There are 2 protein chains.
Amino acid sequence: MIATELHPAVKPVAFLLGTWRGEGQGQYPTIEPFRYREEIRFSHNGKPFLIYTQRTEAIDTGQPMHGEAGYLRLVGEGRVEFVIAQPIGFAEISLGRVDGQRVDVECASVGRTPTAKRVSSISRSLWLDGDTLRYELKMGMEGVPLARHLVANLQRAD
Amino acid sequence: MIATELHPAVKPVAFLLGTWRGEGQGQYPTIEPFRYREEIRFSHNGKPFLIYTQRTEAIDTGQPMHGEAGYLRLVGEGRVEFVIAQPIGFAEISLGRVDGQRVDVECASVGRTPTAKRVSSISRSLWLDGDTLRYELKMGMEGVPLARHLVANLQRAD
């Protein structure tokens with residue numbers, strides 16, 4: 001990889017760039033609450049999007065839990081498009097806005113493989129609170145309206 | 001990351017594991033042919049899927065071209081589900097089979113952001129030919145039926 005200048009379109013979300021580590025909490029009407037350790041990375045290659053990867057692991061054993069990967073596209077006038085693949089069989093297209101040091105998106109479509117759980121909607125907010133990157137993810141499934149699922153607090157690791 | 005044993009479900013596609021580098025050629029009815037340098041990585045974390053990342057760059061300048069990321073899920077009896085996010089605004093759900101040292105998938109759905117090109121279908125084949133990983137990708141767009149778009153030959157780099 002060659003060192004590359006940040007694309008001007010990406011400047012509104014430059015606050016996300018880097019590797020972030022911390023802990024999060026999960027809950028959902030159908031499951032027991034749980035905690036996890038997390039790493040999120042936003043990088044760039046000079047094009048008008050950020051490259052996003054995320055993974056979580058069990059706090060006690062370090063066993064991998066979730067992971068996802070995708071791209072946060074900046075498409076003008078503060079609008080963002082978040083394309084995310086999830087190993088549980090989802091391909092998510094989410095649309096929203098960046099406003100100051102906060103990004104809010106809601107899914108416009110969720111592609112699902114035949115064996116995936118019946119997730120029907122996802123909303124995501126990420127925001128910088130001082131030096132802490134916080135996010136909240138809400139999820140709706142068939143039979144369960146949009147409900148809080150994940151919240152986490154992460155610190156910049158590089 | 002802790003060292004992790006391969007999930008038994010993943011054994012049929014273990015031949016893909018590793019980092020692969022090589023060159024490819026692109027063509028399409030609407031564009032001039034082009035060549036590119038490529039790196040593909042398949043890794044695992046002990047769960048029944050492979051983690052997939054890919055990136056290409058210009059052969060002469062090293063400038064980043066395409067990239068994509070996703071997960072190849074093994075769901076039993078040789079069936080695979082390939083979930084891929086693309087920074088050009090696609091979220092792809094492709095379904096198919098592994099047969100020997102060959103994987104063939106066709107997209108079941110393509111989620112698109114409002115600003116994405118009007119890709120309507122993608123088919124992918126990856127196969128091991130001696131020590132060479134080869135793939136072919138066909139793509140259909142609105143107004144263009146499924147046509148050969150990319151072919152590449154890659155060697156294992158680690």
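Chemist: Please give an account of the confidence of the model for chain A that cites residues and values.
Modeler: Model confidence for chain A is summarised by a mean pLDDT of 95, while 98% of its residues fall at 70 or above. In the predicted assembly, ipTM is 0.94 and pTM is 0.95.

Chemist: Can you lay out the sheet that holds strand β2 (residues 31-43) of chain B for me, pointing to particular residues and giving the numbers?
Modeler: In a beta sheet, neighbouring strands pair by backbone hydrogen bonds and run either parallel or antiparallel. Residue and element names in this part refer to chain B. Ordered by their spatial adjacency, ten strands build a closed barrel running β1-β2-β3-β4-β5-β6-β7-β8-β9-β10, and the pairing between neighbours is antiparallel. For this sheet the average axis-to-axis angle between neighbouring strands, irrespective of direction, equals 25°. Pairing geometry for strand β8 (residues 119-129) and strand β9 (residues 132-141), over ten bridges, is antiparallel. Residue I122 lies in a different strand from β9, and its bridge partner there is M139.

Chemist: Describe in detail the pattern of salt bridges, supporting the description with residues and values.
Modeler: Throughout the structure, instances matching the rule amount to 22 salt bridges over all chains. Note that E92(B) and R124(B) form a salt bridge whose closest N and O atoms lie 2.9 Å from each other. A residue pair is termed long-range when its members are at least 10 positions apart, and E92(B) in strand β6 (residues 90-98) and R124(B) in strand β8 qualify at 32 residues. Here E92(B) and R124(B) have matching classes, each one buried. Here the residues in one salt-bridge network are E68(A), E92(A) and R124(A), joined through shared partners.

Chemist: Got a sec to walk through the relation of the copies chain A and chain B? Specific residues and values, please.
Modeler: Take chain A, turn it by 180°, move it 0.0 Å along the axis, and it overlays chain B with an RMSD of 0.0 Å. A rotation of that kind, with that shift, is consistent with a two-fold axis. Both copies share a contact surface, since 100% of the interface residues of chain A are interface residues in chain B too.

Chemist: Outline the environment of E106(B), supporting the account with residue identities and numerical values.
Modeler: Residues and elements named next belong to chain B. When you line up the elements, E106 lands in strand β7 (residues 102-112). Spatially, the C-alpha atoms of E106 and L137 are 9.8 Å apart, while their sequence positions differ by 31 residues. With residues near it in sequence (within four places) discarded, E106 still touches I93, S94, L95, I122 and S123.

Chemist: Please set out the packing of aromatic side chains residue by residue, giving values where relevant.
Modeler: Aromatic rings in a pair are described by how distant their centres are and how their planes are angled relative to each other. All names here are of chain A. Scanning all chains against the criterion turns up eight aromatic pairs over all chains. Following the ring pairs from residue to residue traces out a cluster consisting of F42, Y52 and F82. Taking the ring centre of W127 as reference, the NZ or CZ of R102 above it sits at 4.8 Å.

Chemist: Break down the nonpolar core for me, citing the residues and quoting the values.
Modeler: One recurring pattern in soluble globular proteins is that nonpolar side chains are buried together. Counting 38 residues, the largest nonpolar core has V13(A), L16(A), F42(A), L50(A), F82(A), V103(A) and Y135(A) as its most contacted members. Here F42(A) is in contact with L16(A), L17(A), G18(A), L50(A), I51(A), Y52(A), F82(A) and L126(A), once residues within four sequence places are set aside. Residues Y28(B), C107(B), L150(B) and L154(B) belong to the second largest nonpolar core, which totals 37 residues.

Conventions adopted
- Residues numbered from 1 in each chain as written.
- Chains lettered and ligands numbered in written order.
- Predicted model: local features only at pLDDT ≥ 70, side-chain atom pairs only at ≥ 80, totals over all residues.
- Heavy atoms only, no water.
- pLDDT = per-residue confidence, 0-100.
- Pairing = 2+ DSSP bridges.
- Helix = DSSP H or I, 4+ residues; strand = E, 2+ residues; numbered from the N terminus.
- Axes fitted to C-alpha atoms, helices over the stretch in contact; angles between N-to-C directions.
- Salt bridge = Lys/Arg side-chain N within 4 Å of Asp/Glu carboxyl O.
- Buried < 20%, exposed > 50% of the residue type's maximum accessible area, 1.4 Å probe, protein only.
- Least-squares fit on C-alpha atoms with pLDDT ≥ 70 in both.
- Contact = heavy atoms within 4.5 Å.
- Phe/Tyr/Trp six-rings, centres within 6.5 Å; stacked < 30°, edge-to-face > 60°.
- Lys NZ or Arg CZ within 6 Å of the ring centre and 35° of its normal.
- Core = buried A, V, L, I, M, F, W, Y, C linked by side-chain atoms within 4.5 Å.

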